[in-house]
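Okay, here's what each chain looks like letter by letter:
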Amino acid sequence: MHVFQPIPVDMLEINPFESFGKDWALVSSGSKKRANTMTVSWGGIGVLWGKNVAFIFVRDSRYTKEFLDQGEFFSISFMSQEYREALNYCGSHSGRDGDKVPEAGLTWNYKLSIPFIDEGSFVVLCHKLSAVKLTEDSFLSPEIAKWYKDGDLHTMYIGEIIELMAR
Ligand SMILES: Cc1cc2nc3c(=O)[nH]c(=O)nc-3n(C[C@H](O)[C@H](O)[C@H](O)COP(=O)(O)O)c2cc1C
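All of these numbers come straight from a predicted model, not from anything done at the bench.

**Student:** Talk me through the side chain of Ser77; I want residue IDs and the actual numbers.
**Tutor:** Relative to the helices and strands, Ser77 is located in strand 6 (residues 73-78). Of the residues examined, Ser77 reaches a relative accessible area of 0% and is grouped as buried. A polar contact of 3.1 Å, which involves the side chain of Ser77, links it to the backbone nitrogen of Ile117.

Next up, the structure:
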């Protein structure tokens, strides 16, 4: 297991366009007994309800969504480029069909019993504040519909950042 150091939120230097959009991350949820992870490239970090928050977007079909809905917490593990293949694996295989963390060459770690990926270079631990389903009646631009031809809608999960850790 790697050693992770907590870092103050105001020390965080990430560019969300790079970290989510280009580098990708692994969103994990569950418990020490049972957890799942999946690759995400949509999400962000900001301020809401007077709190530092992270938000992610998870489609109905994802097995990870079951863990997010049942649990109180989730983590976002940001990975360096050497784990690109593992990110591709976790973004194209479902935890319904196998134990994809070891299959991708990754390892579970836990902080405050929240599962995260030990190979992450930095990790955001979140306490779930809100889950908002993005329904078609909320889309103001017709362009958005192209993402939902199969009706597999996203839920936005907003979590208060309770800890940031760097390896
Ligand atoms: C680069 C990349 C980014 C992805 N981003 C998202 C995302 O933001 N939201 C989402 O619902 N699925 C996203 N996916 C798809 C899921 O990671 C994928 O469907 C995964 O197999 C779900 O696993 P699960 O069924 O074990 O939860 C992404 C996949 C890749 C490869």
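**Student:** How would you summarise the pairing of strand 8 (residues 114-117) if you had to cite specific residues and measurements?
**Tutor:** Residue alternation in strand 8 divides its side chains into two sets, Ile114 and Phe116 and Pro115 and Ile117, and both sets are buried. With 4 bridges connecting them, strand 7 (residues 108-111) and strand 8 associate as antiparallel partners. Note that in strand 8 the partner of Lys111 across the bridge is Ile114. Hairpin connection from strand 7 to strand 8: 2 residues lie between these consecutive antiparallel strands, with Leu112 at a positive phi of about 55°.

**Student:** Lay out the nonpolar core in plain terms, naming residues and giving numbers.
**Tutor:** As a rule of thumb, nonpolar side chains are buried together in soluble globular proteins. Grouped together as the largest cluster of nonpolar side chains are 20 residues, with contacts concentrated most on Ile56, Leu68, Phe74, Ile76, Phe78 and Val124. Elements with a contribution of two residues or more to this core: strand 2 (25-30), strand 3 (35-40), strand 5 (51-59), strand 6, strand 9 (122-133) and strand 10 (154-166). Membership of the second largest hydrophobic core comes to 12 residues, among which are Trp24, Leu26, Cys90 and Trp108.

**Student:** I'd like a rundown of the environment of Leu68, residues and numbers included.
**Tutor:** Inspection of the secondary structure assignment puts Leu68 in helix 2 (residues 63-70). When its relative accessible area of 0% is taken as the criterion, Leu68 is described as buried. Sequence-wise, Leu68 and Val27 are 41 residues apart; in three dimensions their C-alpha atoms are separated by 9.4 Å. With near-sequence residues (within four places) excluded, Leu68 lies in contact with Val27, Ser29, Ile56, Val58, Phe74, Lys128 and Tyr157.

About the criteria used
- Residues numbered from 1 in each chain as written.
- Predicted model: local features only at pLDDT ≥ 70, side-chain atom pairs only at ≥ 80, totals over all residues.
- Heavy atoms only, no water.
- Helix = DSSP H or I, 4+ residues; strand = E, 2+ residues; numbered from the N terminus.
- Buried < 20%, exposed > 50% of the residue type's maximum accessible area, 1.4 Å probe, protein only.
- Polar contact = N/O pair within 3.5 Å; in protein donor to acceptor, adjacent residues only side chain to side chain.
- Pairing = 2+ DSSP bridges.
- Core = buried A, V, L, I, M, F, W, Y, C linked by side-chain atoms within 4.5 Å.
- Contact = heavy atoms within 4.5 Å.

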